[in-house]
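Chain by chain, the residues run as shown.
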Amino acid sequence: TVFRWTGSWLTVFTTPDPLGSEALAVEQHTELIERLNRYRLAGYESYVPSPHYVSLDLEIRACARPDAFRGDVEADLLAVLSAASFPDGRTGFFHVDRWSFGQPLERSVLEAAFQGAYGVAGVVSIRYRQRGVTVEYRSLPDTFIVPVDAIVRVDNDSNRPERGSLNIIVEGGK
């Protein structure tokens, strides 16, 4: 929630970070607006915009251990870095509930996540491009800064490529 000067008065902007989803249902959005309007101060307007996302396309080169099959390593890396919820209660690295407003993407945390995947011997490179901002892939910095009003998103859904993607290239192994 932030107060912004909109020309003649302060306006209250409250952006929700919904649990388990990237968007509020219409009923939840309406309920939030009504609740905020019930308690707002006289003379202040209240708005509830949808969250803003920073969608990233990641290209990751990993090195497989000599005893691991490249296809198995790639499949496990895709699972570990996914936006999915698994039946055993685990979530993928890019699951929507693991990220919130202004939370940066730390390269070391990302590397640690896929070091735990089956058959990974090491990381060769991580490159990224931000959807709608950069055209060429760049080397991922130690800390990818996200604006305070935005959330990182890498859904890797081929039906919605605008929500970020993963391209995993495995070298070595069998």
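None of the values given here were measured: they were computed from a predicted structure.

Enquirer: Where do I start with the packing of aromatic side chains in this structure?
Expert: Any two aromatic rings considered together are summarised by their centre-to-centre distance and by the angle between their planes. Applying the stated criterion across every chain, the model contains six aromatic pairs. Where Phe93 meets Phe94, the ring centres are 4.9 Å apart and the plane angle is 90°; that geometry is what we call edge-to-face. Classification of Phe93 as buried rests on a relative accessible area of 5%. Consider the rings of Tyr128 and Phe144, whose centres lie 5.1 Å apart with planes at 70°: the pair is edge-to-face. Here the residue Tyr128 occupies a position in strand S6 (residues 120–130), and Phe144 occupies one in strand S8 (residues 143–144), the gap between them amounting to 16 residues. As far as the burial class goes, Tyr128 and Phe144 line up, both buried. In this structure, Arg4 packs its charged tip against the face of Phe13, placed 4.7 Å from the ring centre.

Enquirer: How should the sheet that holds strand S3 (residues 45–47) be read in this particular structure?
Expert: In any sheet, the strands associate via hydrogen bonds between backbone groups, in a parallel or an antiparallel arrangement. An order of S1-S2-S3 is seen for the three strands of this open sheet, with the pairing classed as mixed. Both edges of this open sheet fall to strand S1 (2–5) and S3, since each of them pairs with a single strand only. The average undirected angle you get between the axes of adjacent strands in this sheet is 30°.

Enquirer: How should I be thinking about the side chain of Ser55 in this particular structure?
Expert: Looking at the element boundaries, Ser55 is found in strand S4 (residues 52–64). On the basis of relative accessible area, Ser55 is assigned to the buried category, the value being 5%. In this structure, Ser55 is in contact with Arg129, Gln130, Arg131, Arg153, Glu162, Arg163 and Gly164, ignoring residues within four places of it in sequence.

Enquirer: What is the right way to look at the pattern of salt bridges in this model?
Expert: Two side chains with opposite charge may pair up if their charged atoms get near one another. Per the counting criterion, the structure on display carries nine salt bridges. Its salt-bridge partner being Asp88, residue Arg90 comes within 2.8 Å of it at the nearest N-O pair. Judged by its relative accessible area of 54%, Asp88 is exposed. Counted as one network, the salt bridges with shared partners bring together Asp57, Arg129 and Arg131.

Enquirer: Just checking my understanding: could you explain the environment of Pro141 for this structure?
Expert: Summarising the element assignment, Pro141 is placed in the loop between strand S7 (138–139) and S8. Given the relative accessible area of 31%, Pro141 is considered partly exposed. Distance in space between the C-alpha atoms of Pro141 and Arg4 is 32 Å, their sequence separation being 137 residues.

Enquirer: Help me understand unusual backbone geometry in this model?
Expert: Working note: non-glycine residues mostly have negative phi, and peptide bonds are mostly trans. You will see that Asn156, though not glycine, has its phi angle at about 50°, which is positive. Here Asn156 shows up in the loop between strand S9 (150–153) and strand S10 (165–172).

Enquirer: Mind showing me how you'd approach the pairing of S6 here?
Expert: Consecutive side chains of a regular strand alternate in pointing toward one face of the sheet and then the other. The pairing of S4 with S6 spans nine bridges and is classified as antiparallel. Across the sheet, Ile60 pairs through a bridge with Ile126, a residue of S6. With two bridges connecting them, S6 and S7 associate as antiparallel partners. Bridged to Arg127 within S7 is Ser139.

The rules behind each value
Residues numbered from 1 in each chain as written. Predicted model: local features only at pLDDT ≥ 70, side-chain atom pairs only at ≥ 80, totals over all residues. Heavy atoms only, no water. Phe/Tyr/Trp six-rings, centres within 6.5 Å; stacked < 30°, edge-to-face > 60°. Buried < 20%, exposed > 50% of the residue type's maximum accessible area, 1.4 Å probe, protein only. Helix = DSSP H or I, 4+ residues; strand = E, 2+ residues; numbered from the N terminus. Lys NZ or Arg CZ within 6 Å of the ring centre and 35° of its normal. Pairing = 2+ DSSP bridges. Axes fitted to C-alpha atoms, helices over the stretch in contact; angles between N-to-C directions. Contact = heavy atoms within 4.5 Å. Salt bridge = Lys/Arg side-chain N within 4 Å of Asp/Glu carboxyl O.

This is a description of form; function is not addressed.
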